[in-house]
Amino acid sequence: MPIVEYPPGARFPGVVGRTTDESSPAWPVAPRPDAGAPNVVVVVLDDTGFGQLGCYGSPIQTPHMDSLAANGLRFNNMHTTALCSPSRSCLLTGRNHHANGMAAITELATGYPGYNGVVPFENGFLSEMLLDHGYTTFMVGKWHLTPSNHETAVGPYDRWPLARGFQRFYGFLGGDTSQWYPDLVYDNHQVEPPRTPEEGYHLTEDLVDKAVEFIADADQIDPAKPFYLHLCFGATHAPHHAPAEWADRYSGMFDAGWDAYRETTFARQKELGIVPPDAELSRHDPDVPAWDSLAPDARRLFSRMMEVFAGFLSHTDHHLGRLLAFLDQLGKLDNTLIMLVSDNGASAEGGPTGTTNEAQFFNNAQEPIEDSLAHIDEIGGPKHFNHYPWGWTWAGNTPFRRWKRETYRGGTSDPFIVSWPKRIAARGEVRTQYGHIIDVVPTVLDLLGVEPPRTVRGVTQSPLHGLSLAGTLDDADAPSPRTSQYFEMLGHRAIYHDGWRAVCPWPGPSFTEAGVGFGQPISADRLSELDATGWELYHVAEDFAENHDVAADHQAKLIALIGTWYSEAGKYGVLPVDGSGLARMIGEKPLAAPARDSCTYYPGTQSVPFFAAPRVLNRPHSITADVEIPESGAEGVLLSQGTAAGGYSLYVKDGRLHYVHNYVGRAEYEVISDRPVPPGRHELRFEFEPTGQPDLASGKGSPGRLQLYIDGSLVGNAEAPVTTPFVINPGALTCGANPGSPVTGNYPSPFKFTGITHTVTVDVSGDLIHDDEAELRVHMARQ
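Residues numbered from 1 in each chain as written. Predicted model: local features only at pLDDT ≥ 70, side-chain atom pairs only at ≥ 80, totals over all residues. Heavy atoms only, no water.

**Structural notes on the sheet that holds strand 1 (residues 39–45)**
Logical step 1: Reading across the sheet, the 10 strands line up as 7-6-5-4-8-1-9-10-2-11 and stay open at both edges, with mixed pairing between neighbours. On the outer flanks of this sheet lie strand 7 (189–191) and strand 11 (429–431), each paired with one strand and no other. Put simply, the sheet's adjacent strands are angled 15° from each other on average, direction ignored.
Logical step 2: With 6 bridges connecting them, strand 4 (residues 136–142) and strand 8 (residues 227–232) associate as parallel partners. Within the sheet, the bridge partner assigned to F138 lies in strand 8 and is L229. (Pairing = 2+ DSSP bridges. Helix = DSSP H or I, 4+ residues; strand = E, 2+ residues; numbered from the N terminus. Axes fitted to C-alpha atoms, helices over the stretch in contact; angles between N-to-C directions.)

**Focus: the packing of helix 1 (residues 63–70) against helix 7 (residues 296–329)**
Logical step 1: One can describe the packing of helix 1 onto helix 7 by two numbers: an axis separation of 7 Å at closest approach and a directional angle of 55°. Taken together, the axes of helix 1 and helix 7 lie oblique to each other. For the pair helix 1 and helix 7, contact is made by P63, H64, M65, S67 and L68 and by L313, D317, H318, L320, G321 and L324, respectively.
Logical step 2: Of the residues that constitute the contact of helix 1 with helix 7, the class distribution is 6 nonpolar, 4 polar and 1 charged. (Parallel < 35°, antiparallel > 145°, perpendicular 65-115°, else oblique. Contact = heavy atoms within 4.5 Å. Nonpolar A, V, L, I, M, F, W, Y, C, P; charged D, E, K, R; others polar.)

**A look at the packing of helix 4 (residues 203–219) against helix 7**
In a packed pair of helices, the relevant descriptors are the angle between the two axes and the axis-to-axis distance.
Logical step 1: It is the contact of helix 4 with helix 7, at a shortest axis distance of 9 Å, that shows an interaxial angle of 15°. Here helix 4 is positioned roughly parallel relative to helix 7, judged by the angle of their axes. By crossing handedness, the relation of helix 4 to helix 7 is classed as right-handed. Listed contacts from helix 7 to T204, E205, V208, D209, V212, I215 and A216 of helix 4 are F312, H315, T316, H319, L320, R322, L323, F326 and L327.
Logical step 2: Residues of the contact of helix 4 with helix 7, tallied by class, amount to 9 nonpolar, 4 polar and 3 charged. (Left-handed = near helix turned anticlockwise from the far one by under 90°.)

**Quick notes on the pairing of strand 29 (residues 756–763)**
Logical step 1: Here strand 19 (residues 598–601) pairs with strand 29 via 4 bridges, running antiparallel. In the strand pairing of strand 29, Y601 is matched with V760.
Logical step 2: Across 7 bridges, strand 20 (residues 621–629) lies against strand 29 in antiparallel orientation. Note on strand 29: the bridge partner recorded for A625 is V760.

**Let's talk about the confidence of the model for the chain**
Logical step 1: The predicted model of the chain has a mean per-residue pLDDT of 93, with 94% of residues at 70 or higher.
Logical step 2: Low confidence marks residues 510–517, where pLDDT is under 50. Its contacts with residues over four positions away, or in another chain, come to 23 contacts. (pLDDT = per-residue confidence, 0-100.)

**What about the sheet that holds strand 21 (residues 636–643)?**
Logical step 1: One open sheet accounts for 5 strands, arranged 24-23-22-21-28; its pairing is antiparallel. Only two strands of the sheet have a single neighbouring strand rather than two, namely strand 24 (667–672) and strand 28 (733–735). Between one strand axis and the next, the sheet turns through 10° on average, direction left out of account.
Logical step 2: Strand direction decides the pairing type here: strand 21 and strand 22 (residues 646–653), joined by 7 bridges, are antiparallel.

**Quick word on the environment of F302**
Logical step 1: For F302, the position within the fold is in helix 7.
Logical step 2: The sequence separation of F302 and Y135 amounts to 167 residues, and the corresponding C-alpha distance is 46 Å.
Logical step 3: Leave out the neighbours within four places in its chain, and F302 touches W258, W291, L294, P352, T353, P389 and W392.

**A short note on the pattern of salt bridges**
Logical step 1: The final tally for this structure, using the stated rule, is 33 salt bridges.
Logical step 2: In this structure, R88 and D46 form a salt bridge, with 3.3 Å as the shortest nitrogen-oxygen distance. Separated by 42 residues along the polypeptide, R88 in helix 2 (residues 84–93) and D46 in the loop between strand 1 and helix 1 bring together distant segments of the chain.
Logical step 3: When its relative accessible area of 0% is taken as the criterion, D46 is described as buried.
Logical step 4: Residues R304 and D248 are paired through a salt bridge, measuring 2.9 Å at the closest nitrogen-oxygen approach. (Salt bridge = Lys/Arg side-chain N within 4 Å of Asp/Glu carboxyl O. Buried < 20%, exposed > 50% of the residue type's maximum accessible area, 1.4 Å probe, protein only.)

**Looking at unusual backbone geometry**
Excluding glycine, residues mostly carry a negative phi; peptide bonds, for their part, are mostly trans.
Logical step 1: In this model, G155 is joined to P156 through a cis peptide bond whose omega is 0°.
Logical step 2: Residue placement: P156 occurs in the loop between strand 4 and strand 5 (168–172).
Logical step 3: Note the cis peptide between A235 and T236, where omega equals 5°.
Logical step 4: Residue placement: T236 occurs in the loop between strand 8 and helix 5 (244–248).
Logical step 5: Phi angles above zero are rare outside glycine, and H144 is one such case at about 55°.
Logical step 6: Counting through the fold element by element, H144 comes out in the loop between strand 4 and strand 5.
Logical step 7: Backbone geometry at R402 places phi at a positive 65°, although glycine is not the residue there.
Logical step 8: Within the element layout of this structure, R402 appears in the loop between helix 10 (390–396) and helix 11 (409–412).

Here's what the structure looks like:
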């Protein structure tokens, strides 16, 4: 809550006597901005590349984002950290991501100050700063700034949105979610979507509806009080979910392929002045096949995947337009400072061929292209969790090389639009000054005339690392306030200084070889070798897209830049350098609760995230439900985990007990009791007993025996030739229902149990077989 107090340093201004007739009352004063203070709206896109907005040269239609650019400014030299959570922490604090403890996503946290995934309270959020100046504050959409072990019903909640200066929150806490069946949190509790996909539900529309509702709620009480809205779409992160009619608008548009897309977009970028006239398009990426080398069926599939992505982005733009129209209707648009940015470059996590179901990618169980083609008309719909091939990623970052998670400009250079019609006189211009996402907070504070606070909630604040870009808004020739900026992401390093950029890729397997893009921990001696021979140097003031490595010609310059990188690394907590993913993921971390072999669940409670639920895959386990069946019978789900993309469900239907295992959306293995469940109180039990070893390399979990018991008597026995090997994603576990997309087509969701469920207990005391590399893929694809 905002601080409500008497004027700073003042004592009670009234008079306190023996009785009220000789006393004078006085009330505490709530902070309030000066009359005419603007509203602030920050819009964050997810995994949207430099070359994917219409106003940045893309053929994808984004008319409302384009209108913001036409009524304001586009920056062509804005940078992010190359990854989701780190960039979002910078955007909200104005401090570098390692200083925020957010070296990577929270799931890869390690026990070092720059890497622990916990943003310290001395790095206050913009929401906390503006709240204390009388703003109403709203957070809508993706968060991904809470430590992963805090995302449960036991919290702790001190790093959820409502504890970091936002008065209202509606969105999702993690890195990704289904747009049709999202994992929603409203303030501090889980909620279900207000409608189903069949009723027209989509998360993007819902987020804008809630943003409009929050603003309207405040406006009808105090229309003169300004607000700060932090709106973070799930788009365009996978899954690429879009209504078919939006994807169909792009039918045939991408049939010429990603090479042609790059050429067309690059030419348009030059026309728009987004890239310098003498800029060169980056070389063909060695991991991306030439479009013409692909088989016709592959080209048809990949074209449709891009049509769906384009529809997803245009659909998002449409709903952003609804928010802008609402602000205009209220008469607030002209005096609203709007900033739009993406959190990193386009994402390559779809791999070389894309996927209709990311769960297959996570589990090494990729379906053949023939199976994908069989579902081509359903891609983007509720049945799939799709992502495009990385050839489109490379194209989406035009004109730059590489992509998200790497520190070339393809990973770190992003669209940035600023609009404030009442204050910014320029219209439709391009700004070329160097900027970084840490510069947003000081820019907002500068434009609002607010000094960075010395304390927030009694905690002394660290200095901001960002620098204000306010001076560039009115002066296209103003010097860049920032002359240096370091980068480090998963071992990939870079440093910018005065028009020069040094880049040092991390050694290790490529995406093509491992699907994860990480190396292993290296020794100090090996790091010294990298520092001696692994750095590249680009004069980006003249070589916009990093095409010409001039390290051999400017050794003194390169050595100086490497020294600058180490100086910045020491200052901001970047050390120790660690490019590993596996070691960071499996390293010891605090748990939300002590590990248990037996977990008991109750109906009507919140769903449990996958990584806080019992690990049932590839091990003997049992599920035991204590239930009462009325004389009229009962049906419904006793316990479920997962969605149509994969998972399992124990349920009662047509009077009989059922268990089904959905193998990554490719097959269902079911066992049904040979007799009805009679009325009365009963123990209904499922047991899984592995009958062989998993073939992890082939994406096959342990085969096993599926058995059902009623009050200890065996009533069903079947074999599953293969099970899910690594992970269920989405993988929330729910007692008494199957919310979201149903695990099986045998029932509609949520299929709540109509009898009485006392408890459901999962026992996992058997030995666990797991694959750390596969789990790493899941964490990183969800950023």
